[in-house]
Amino acid sequence: MPVSPQERTTITEQTTAGFRRDLDRLSPDDRASVLETLRRSYELLRDSPRSFFARAQRPLPIHLKGGLSSSLYSLRVGRDIRLILAVDDDPVFGQTLVTLFRAVRHDQVERSYRSIAHLLYRNQIERNNGAR
Amino acid sequence: MALVSPLFDAWGVIHDAAKRLPTEGLKVGFLEALAELEDYEYHRTRKFPKTRLHRVVGYKEPVYRADVDKISGWRLHLQYEDGQIHLKDIVEGQKHDSVLREIEAKKIRYERKKTGPK
């Protein structure tokens, strides 16, 4: 039987090879900033999801076919770094999945976001929107 | 009698599977997958050894994928709606995500803070 909302107690972080590679290339200070931002973000997501989603951004609109909505966001880390991540509620396993795709410079965020959207959704993206 | 976690099939996925699955072995595998997905015990323990049920990343709606058969790649797509699991589609092998294959198995879990009187 499905898990009740009260039992959803866990945030599970998953990282892609791209994110881990990006993190390795950052300076020690920037890496520390990323980790601190993630720590704070997970606290917000756990304790005040509305506040978390108020801070999360969508660099480009993504319209999916079949009545589905994208859960792909970017998060700001200081002035220069942006994280690209998906935040997915997982009621069957009683968790929220956070999947970290990239950590990029702010001027690369749109291109990286678009690229990840295409990998994730492929031909599910509706035509005539900014993610194409 | 075992407790059952009902599956809903408003999209006719079972009918579709009966027509499209190419071998008797896959049809039996499909039945076994349905049996696992509606068995409360697997939901209670949150372990699905046959179907490897898992959340599909990237959708606000809780979309899941389950194996019909690991080798052939036939998969069931499901969605959790209003506290119930709905069959959505059956998909032939190898039409899956590539980006997500590289997700690190390592997971860091963050437990919710206990709240209560101080």
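Residues numbered from 1 in each chain as written. Chains lettered and ligands numbered in written order. Predicted model: local features only at pLDDT ≥ 70, side-chain atom pairs only at ≥ 80, totals over all residues. Heavy atoms only, no water.

Let's shift gears to the overall build of chain A. Within chain A, the secondary structure is distributed over 4 helices and 4 strands. Element order for chain A, N to C, with α for helix and β for strand: β-α-α-α-β-β-β-α. Pairs at least 24 apart in sequence give 56% of the contacts found in chain A among residues at least 6 apart. Surface accessibility of chain A: about 6,600 Å² in total, with carbon and sulfur atoms responsible for 45%. (Helix = DSSP H or I, 4+ residues; strand = E, 2+ residues; numbered from the N terminus. Contact = heavy atoms within 4.5 Å. Areas by Shrake-Rupley, 256 points an atom, 1.4 Å probe, with all protein chains shown as cover.)

Our next topic: the confidence of the model for chain B. Residues and elements named next belong to chain B. Averaged over every residue, the pLDDT of chain B is 82; residues scoring 70 or more account for 78%. Of all secondary-structure elements in chain B, the lowest mean pLDDT belongs to strand β6 (residues 108-111), at 40, while helix α2 (residues 24-37) reaches the highest, 96. Taken together, the stretch residues 101-118 has pLDDT below 50 and engages in 37 contacts with residues farther than four places along the chain or on a different chain. The complex prediction reports pTM at 0.83, with the ipTM value standing at 0.86. (pLDDT = per-residue confidence, 0-100.)

With that settled, consider the packing of aromatic side chains. Tallying each qualifying case throughout the model produces 5 aromatic pairs over all chains. Considering the side-chain rings of F53(A) and Y73(A), the 5.5 Å spacing of their centres and the 55° angle between planes classify their relative orientation as tilted. Here F53(A), found in helix α3 (residues 49-55), pairs with Y73(A), found in strand β2 (residues 72-77); they are 20 residues apart in sequence, far enough to count as distant. For F53(A), a relative accessible area of 33% translates into the label partly exposed. Here Y42(B) and F48(B) contribute two aromatic rings whose centre-to-centre distance is 6.4 Å and whose plane-to-plane angle is 35°, an arrangement assigned as tilted. The exposure class of Y42(B) is partly exposed, given its relative accessible area of 28%. (Phe/Tyr/Trp six-rings, centres within 6.5 Å; stacked < 30°, edge-to-face > 60°. Buried < 20%, exposed > 50% of the residue type's maximum accessible area, 1.4 Å probe, protein only.)

This part takes up the sheet that holds strand β2 (residues 54-55) of chain B. Residue and element names in this part refer to chain B. With mixed pairing, the 5 strands of this open sheet are ordered in space as β1-β5-β4-β3-β2. Lying at the two open borders of the sheet, with one neighbouring strand each, are β1 (7-8) and β2. Across 7 bridges, strand β4 (residues 75-81) lies against strand β5 (residues 84-91) in antiparallel orientation. Residue pairing across strands places Y80 opposite I85, the latter belonging to β5. Packed onto the sheet, helix α1 (residues 13-20) meets β4 and β5 and runs at close to 25° relative to β5. (Pairing = 2+ DSSP bridges. Axes fitted to C-alpha atoms, helices over the stretch in contact; angles between N-to-C directions.)

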